[in-house]
Amino acid sequence: MNALLFRPALPHESSRIWEIILQAKEQMRRENKCQWDEHYPTPQHIAKDIENGYAHVLCRNEKIIAYGAVVFDGEPAYQKIKGKWLSENPFVVLHRLAVAEEEKRKGIAAVFLSETEKKSIEKGIFSFRVDTNFDNIYMQKLLKKSGFSYCGEITYPQGSRMAYEKKLSH
């Protein structure tokens, strides 16, 4: 496997990011999953991620192969959970994780999670939270395999999500 580079996304890369998001949306549509639809995510979400410094990409040979929003500013929906978080510490959250179609089933999403963990630890943040839809079995398996614990349900305007947390080692 060629070396992978994890870094913040640049504004001119939004079209490649959007291409990857559309591939993920199409896969969800084919599999009758309802986490993402025509209203979410949108190019505006990606532009806002880039503007806020959340947008991160994983590249192989300078080509973007995965995207995610790495957020250290909290997540309002996480304030109310039906269940219990593992910690009350500051946390990083990952939203909108998508892997390019040609890179699926190569462990790229796991690498993205691992790189997000490293970035979080570098910032002195030792808690990592993620949410996913009840029908997103791929993400649920990835989170379990990556050491995340199921903590309960959180609610967005578009519905409830499964909430996970992982405590990170210093």
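Before reading further, recall that the structure is shown in the block above.
Counting starts from 1 at the beginning of each chain's written sequence and moves along it residue by residue. With pLDDT at 70 or above as the cut-off, local features in this predicted model cover only qualifying residues; side-chain atom pairs require 80 or more to be listed or tallied, and sums for whole chains, interfaces and linings still use all residues. Hydrogen atoms and water are omitted, and side-chain values are computed over all heavy atoms in the structure.

Looking at the overall build of the protein chain
(1) Moving on: Broken down by element type, the protein chain carries four helices and eight strands.
(2) Moving on: In this text, helices come from DSSP runs of H or I with a minimum length of four residues, and strands from runs of E with a minimum of two, each type numbered from the N-terminal end. Traced from its N-terminal end to its C-terminal end, the protein chain shows the element sequence β-α-α-β-β-β-β-α-β-α-β-β.
(3) Moving on: In summary, the protein chain has a C-alpha radius of gyration of 15 Å against a globular reference of 15 Å for 170 residues, a match within 12%.
(4) Moving on: Once the C-alpha set of the protein chain is aligned to its principal axes, its extents read approximately 40 × 35 × 30 Å.
(5) Moving on: Think of it in three bands: residues with accessible area under 20% of the maximum for their type are buried, residues over 50% are exposed, and the middle band is partly exposed, with areas taken using a 1.4 Å probe on protein chains only. Taking all 170 residues of the protein chain together, 52% fall into the buried category.
(6) Moving on: Working rule for contacts: check all heavy atoms of both residues, and any pair within 4.5 Å makes them a contact. Counting only contacts in the protein chain whose residues sit at least 6 apart along the sequence, the fraction spanning at least 24 positions is 71%.
(7) Moving on: Surface accessibility of the protein chain: about 9,100 Å² in total, with carbon and sulfur atoms responsible for 53%.
(8) Moving on: Counted charges follow a simple rule, with Lys and Arg positive, Asp and Glu negative, and His plus the chain ends left uncounted. A charge is said to be at NZ when it belongs to Lys, at CZ for Arg, at CG for Asp and at CD for Glu. Both charge centroids of the protein chain, one from 26 positive and one from 22 negative side chains, sit 4 Å from each other. Throughout, the radius of gyration refers to the C-alpha atoms, and the reference size of a globule is 2.2 Å times the residue count to the power 0.38. The Shrake-Rupley method, run with a 1.4 Å probe sphere, supplies the accessible areas, and residue values consider only the shown protein chains as cover.

Some words on the packing of aromatic side chains
The description of two aromatic rings rests on the distance between their centres and on the angle between their planes.
(1) Moving on: Two aromatic rings, drawn from Phe, Tyr or Trp (for Trp, its six-membered ring), form a pair once their centres lie within 6.5 Å of each other, and the interplanar angle then sorts them: stacked below 30 degrees, edge-to-face above 60, tilted otherwise. Inspection of the entire model under this criterion finds five aromatic pairs.
(2) Moving on: Relative to Phe148, the ring of Phe128 lies with its centre 4.9 Å away and its plane at 75 degrees, an arrangement referred to as edge-to-face. Taken as a pair, Phe128 in strand β6 (residues 127-132) and Phe148 in the loop between α4 (137-145) and β7 (149-156) lie far apart in primary sequence, 20 residues in all.
(3) Moving on: Its relative accessible area of 0% is what places Phe128 among the buried residues.

Notes on the nonpolar core
(1) Moving on: What we call a nonpolar core is a set of buried Ala, Val, Leu, Ile, Met, Phe, Trp, Tyr and Cys residues that are connected through their side-chain atoms within 4.5 Å. Within the largest apolar cluster, 31 residues are counted, with the highest numbers of intra-cluster contacts made by Ile17, Ile21, Tyr67, Tyr78 and Ile154.
(2) Moving on: The greatest single-element share of this core, amounting to six residues, is contributed by helix α1 (residues 14-30).
(3) Moving on: If we ignore the near neighbours within four places in the chain, the residues touching Ile17 are Ala9, Ile46, Ile50, Val57, Ile64 and Tyr67.
(4) Moving on: Among the nonpolar cores identified, the runner-up in size contains 21 residues, and Phe112, Leu143, Met162 and Tyr164 belong to it.

Side note on unusual backbone geometry
(1) Moving on: With phi around 50 degrees, Asn61 is a residue other than glycine that occupies positive phi space.
(2) Moving on: Along the chain, the position of Asn61 falls in the loop between β2 (55-60) and β3 (63-71).

Some details on the sheet that holds β2
Each strand in a sheet pairs with its neighbour through backbone hydrogen bonds, running either in the same direction (parallel) or in the opposite one (antiparallel).
(1) Moving on: Pairing in this open sheet of eight strands is mixed, and the strands run β1-β2-β3-β5-β6-β8-β7-β4 from one edge to the other. Of all the strands in the sheet, the pair left with one neighbour each is β1 (4-8) and β4 (82-83).
(2) Moving on: One ladder, built from two bridges, connects strand β5 (residues 92-99) with β6; its direction is parallel. Looking across to β6, one finds that Val93 is bridged to Arg129.
(3) Moving on: Here α1 sits on the sheet in contact with β2, β3 and β5, set at roughly 85 degrees to β3.
(4) Moving on: Packing against the sheet, α4 makes contact with β5, β6 and β8 (159-167), and its axis sits at approximately 160 degrees to β6. At least two DSSP bridges between two strands are needed for those strands to be called paired. With axes taken as lines fitted to C-alpha atoms, and helix axes fitted only over the stretch in contact, angles between N-to-C directions fall between 0 and 180 degrees.

Things to note about α1
(1) Moving on: Between its first and last C-alpha atoms α1 spans 24 Å; for 17 residues at 1.5 Å apiece the expected length is 24 Å, and the two agree.
(2) Moving on: For α1, the set of buried residues is Arg16, Ile17, Trp18, Ile20, Ile21, Gln23, Ala24, Lys25, Gln27 and Met28.
(3) Moving on: On its buried side, α1 packs onto α2 (43-52), β2, β3, β5 and α4.
(4) Moving on: Just downstream of α1 lies Asn32, where phi reads positive at about 55 degrees. One less than the residue count of a helix, multiplied by 1.5 Å, gives the span that helix is expected to have.

Details of the pattern of salt bridges
(1) Moving on: By definition, a salt bridge exists where a carboxyl oxygen of Asp or Glu is found within 4 Å of a side-chain nitrogen of Lys or Arg. All chains considered together, the criterion is met by twelve salt bridges.
(2) Moving on: The residue Glu13 makes a salt bridge to Arg7 at a minimum N-O spacing of 2.4 Å.
(3) Moving on: On the accessibility criterion, Glu13 (9% relative accessible area) is buried.
(4) Moving on: A salt bridge links Glu26 to Arg29; the shortest N-O distance between them is 2.6 Å. Pair noted here: Glu26 and Arg29 are both in helix α1, with a separation of three residues, about one helical turn.
(5) Moving on: A relative accessible area of 30% places Glu26 in the partly exposed class.
(6) Moving on: Each of the salt bridges in this network shares a partner with another, and the network as a whole consists of Arg16, Glu19, Lys63 and Glu102.

Interpretation in functional terms is not warranted from these geometric data alone.
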